[in-house]
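Fold and contact review
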Amino acid sequence: MKVTILEKEPSVLNTFISEIRNRAVQQDPMRFRKNIERIGEILAYEISRCFEYRTQTVSTPLGTKDMPLPNNKVVICSILRAGLPLHNGLLDYFDGAENAFIAAGRKHLSETEFEIETGYYAAPNLEGKTLILADPMLATGQSIVAVLEGLKKYGTPKEIHLACVIGATEGIQYVEKHFPKNTRLWIAAVDEKLNNKGYIIPGLGDAGDLAYGTKQ
Ligand code: URA
């Protein structure tokens, strides 16, 4: 699996990542969602560089111009609920994309142990398409692997791109083990480790809560 860590080449992306981490700024949910969306747009741009392009002729008021335009059939799949702002950012750039939504959450067996429960599958046919899986926090990697398993009944995509904001090495190694070899991971930042509750350290906290509020 080819892994691209965007923060390795510093850019304006780091401003958005610093704001979602910064506890003085991240508490504004509208700003938090907007920053995740902007990171989604940057990830979309990077992913688009390895699409297939087909030359099409565009008519302007003064002539014509041949332009290579993306030819991939894109499906963006998000994990509810934290994936939604990232999904919107990806969709801002891939206007014609189809969309899939799957709920995945941790079912706690004890303070430190959990398993992943998935549900609410709303997905189009994936056969031969470019599947982009949006998961902002790649912590243990178990949710995204459970989603991959659940998507099998919708067909085999031509290629899979994982679009993530912050991850931990452990999660990256887990997805490397479970995803097809030609999967590409695009991730804004990679942090040191997970704590004993499976949260990324230093990370940012709970992305779903910061975007949409706490839940019971
Ligand atoms: N999900 C989050 O929202 N944050 C983490 O650190 C890990 C998983």
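Predicted, not measured: the structure shown is a model, and the values here were computed from it.

Topic: the overall build of the protein
A tally of regular secondary structure across the protein gives six helices and 12 strands. At 18 Å, the protein has a C-alpha radius of gyration in line with the 17 Å of a compact globule built from 216 residues. On the principal axes, the C-alpha backbone points of the protein span a range of 65 × 40 × 30 Å. Going through the 216 residues of the protein one by one, you find that 44% of them count as buried. Within the protein, contacts between residues separated by at least 24 positions form 65% of all contacts whose residues are at least 6 apart in sequence. Split by element, the accessible area of the protein, about 11300 Å² in all, is 50% carbon and sulfur. When the 25 basic and 26 acidic side-chain charges of the protein are each reduced to a single mean position, those positions are 1 Å apart.

Quick notes on the state of the cysteines
Considering all chains together, one arrives at zero disulfides under this definition. A disulfide-free cysteine, Cys77 has its sulfur positioned 12 Å from the sulfur of Cys164, the nearest such atom.

Focus: the pairing of strand β4 (residues 74-80)
Counting buried residues in β4 gives six out of seven residues, a clear majority hidden from the surface. Relative to strand β7 (residues 130-134), β4 runs parallel, the two sharing five bridges. Within the sheet, the bridge partner assigned to Cys77 lies in β7 and is Leu133. By the bridge criterion, six bridges tie β4 to strand β5 (residues 98-108) in an arrangement that is parallel. Across the sheet, residue Val75 finds its bridge partner in β5, namely Glu98.

Considering helix α1 (residues 13-21)
By the burial criterion, the buried members of α1 are Leu13, Phe16, Ile17, Glu19 and Ile20. Looking straight down α1, one finds its buried side chains confined to an arc of 160°; they lie on one side. The inward-facing, buried residues of α1 abut α2 (29-48), β9 (159-168) and β10 (184-191).

Things to note about unusual backbone geometry
Residue Arg81 is reached from Leu80 by a cis peptide bond, and omega for that bond is 0°. Going from Ile201 to Pro202, the amide bond is cis rather than trans, its omega being 0°. Mapped onto the fold, Pro202 is located in the loop between β12 (200-201) and α6 (207-212).

Focus on α2
Over its 20 residues, α2 runs 28 Å from end to end, which matches the ideal 28 Å to within 8%, given 1.5 Å per residue. Buried within α2 are the following residues: Phe32, Asn35, Ile36, Glu37, Ile39, Gly40, Glu41, Leu43, Ala44, Glu46, Ile47 and Ser48.

Considerations on the site of the ligand
Looking at the ligand, the residues that line it are Arg106, Met137, Ala139, Gly198, Tyr199, Ile200, Gly205, Asp206 and Ala207. At 2.7 Å, a backbone N or O of Ala207 approaches an oxygen atom of the ligand. Surface burial for the ligand is 88%, taken as the share of its 240 Å² of free accessible area covered by protein chains. More than half of the atoms belonging to the ligand lie within 2 Å of the grid points that define the largest pocket.

Let's talk about the packing of aromatic side chains
Under the criterion given, the structure shown has one aromatic pair. The ring of Tyr199 has Arg106 lying over it, and the distance from NZ or CZ to the ring centre is 5.3 Å.

Notes on the pattern of salt bridges
Inspection of the entire model under this criterion finds nine salt bridges. Where Arg21 meets Asp191, a salt bridge forms, and the shortest distance between an N and an O atom there is 2.8 Å. On the criterion of sequence distance, the pair formed by Arg21 in helix α1 and Asp191 in strand β10 is long-range, its members being 170 residues apart. With a relative accessible area of 24%, Arg21 lands in the partly exposed category. Looking at Asp191, the relative accessible area reads 8%, which means it is buried. The salt bridge involving Glu52 is made with Lys158; its shortest N-O contact spans 3.1 Å. Note that Glu52 is positioned in the loop between α2 and β2 (53-60) and Lys158 in the loop between α4 (142-151) and β9, a separation of 106 residues in sequence. Salt bridges here are not isolated pairs; linked through shared partners, they connect Arg81, Asp209 and Lys215.

Each value, and the rule that gives it
In this convention, every chain numbers its residues from 1, walking through the sequence in written order. At least 70 in pLDDT is required for a residue's local features to be given in this predicted model, at least 80 for side-chain atom pairs to be given and counted, and no such filter applies to totals for whole chains, interfaces and linings, which use all residues. To obtain the side-chain values, all non-hydrogen atoms of the structure were used and water was disregarded. In this text, helices come from DSSP runs of H or I with a minimum length of four residues, and strands from runs of E with a minimum of two, each type numbered from the N-terminal end. Our radius of gyration is a C-alpha quantity, and the globule rule it is checked against amounts to 2.2 Å times the number of residues to the power 0.38. Exposure classes here rest on a 1.4 Å probe applied to the protein chains alone. A residue is buried below 20% of its type maximum, exposed above 50%, and partly exposed in between. Should any heavy atoms of two residues lie within 4.5 Å, those residues are counted as being in contact. Surface exposure here means Shrake-Rupley accessible area, sampled with a 1.4 Å probe, where a residue is shielded only by the protein chains that are shown. The sign given to each residue is positive for Lys and Arg and negative for Asp and Glu; His and the chain ends receive no count. Where a charge lies is defined by one atom per residue type: Lys uses NZ, Arg uses CZ, Asp uses CG and Glu uses CD. Any cysteine sulfur atom paired with another within 2.5 Å is treated as part of a disulfide. Two strands are said to pair when DSSP picks up at least two bridges between them. Regarding the arc, it is the one traced by the directions from the helix axis to the C-beta atoms. Given the number of residues in a helix, its expected span is that number minus one, multiplied by 1.5 Å. Near is defined per residue: the residue qualifies when any heavy atom it owns lies within 4 Å of the molecule or strand. Here a polar contact means two N or O atoms within 3.5 Å. Within protein one must be a hydrogen donor candidate and the other an acceptor candidate, and residues neighboring in sequence count only if both atoms are side-chain atoms. Computed over the protein atoms alone on a 1 Å grid, cavities are sets of points where a 1.4 Å probe fits but cannot get out and pockets are open sets with protein on both sides within 12 Å along at least five of seven lines; a residue lines them when it has an atom within 4 Å of a point. Being in a pocket or cavity means that more than half of the molecule's atoms lie within 2 Å of its grid points. Each aromatic pair joins two rings of Phe, Tyr and Trp (for Trp, the six-membered one) with centres within 6.5 Å, and gets the label stacked for planes under 30 degrees apart, edge-to-face for over 60, and tilted for any other angle. Both a distance and an angle decide whether a charge sits over a ring: NZ of Lys or CZ of Arg must be within 6 Å of the ring centre and within 35 degrees of the ring normal. Any carboxyl oxygen of Asp or Glu that lies within 4 Å of a side-chain nitrogen of Lys or Arg is treated as forming a salt bridge with it.

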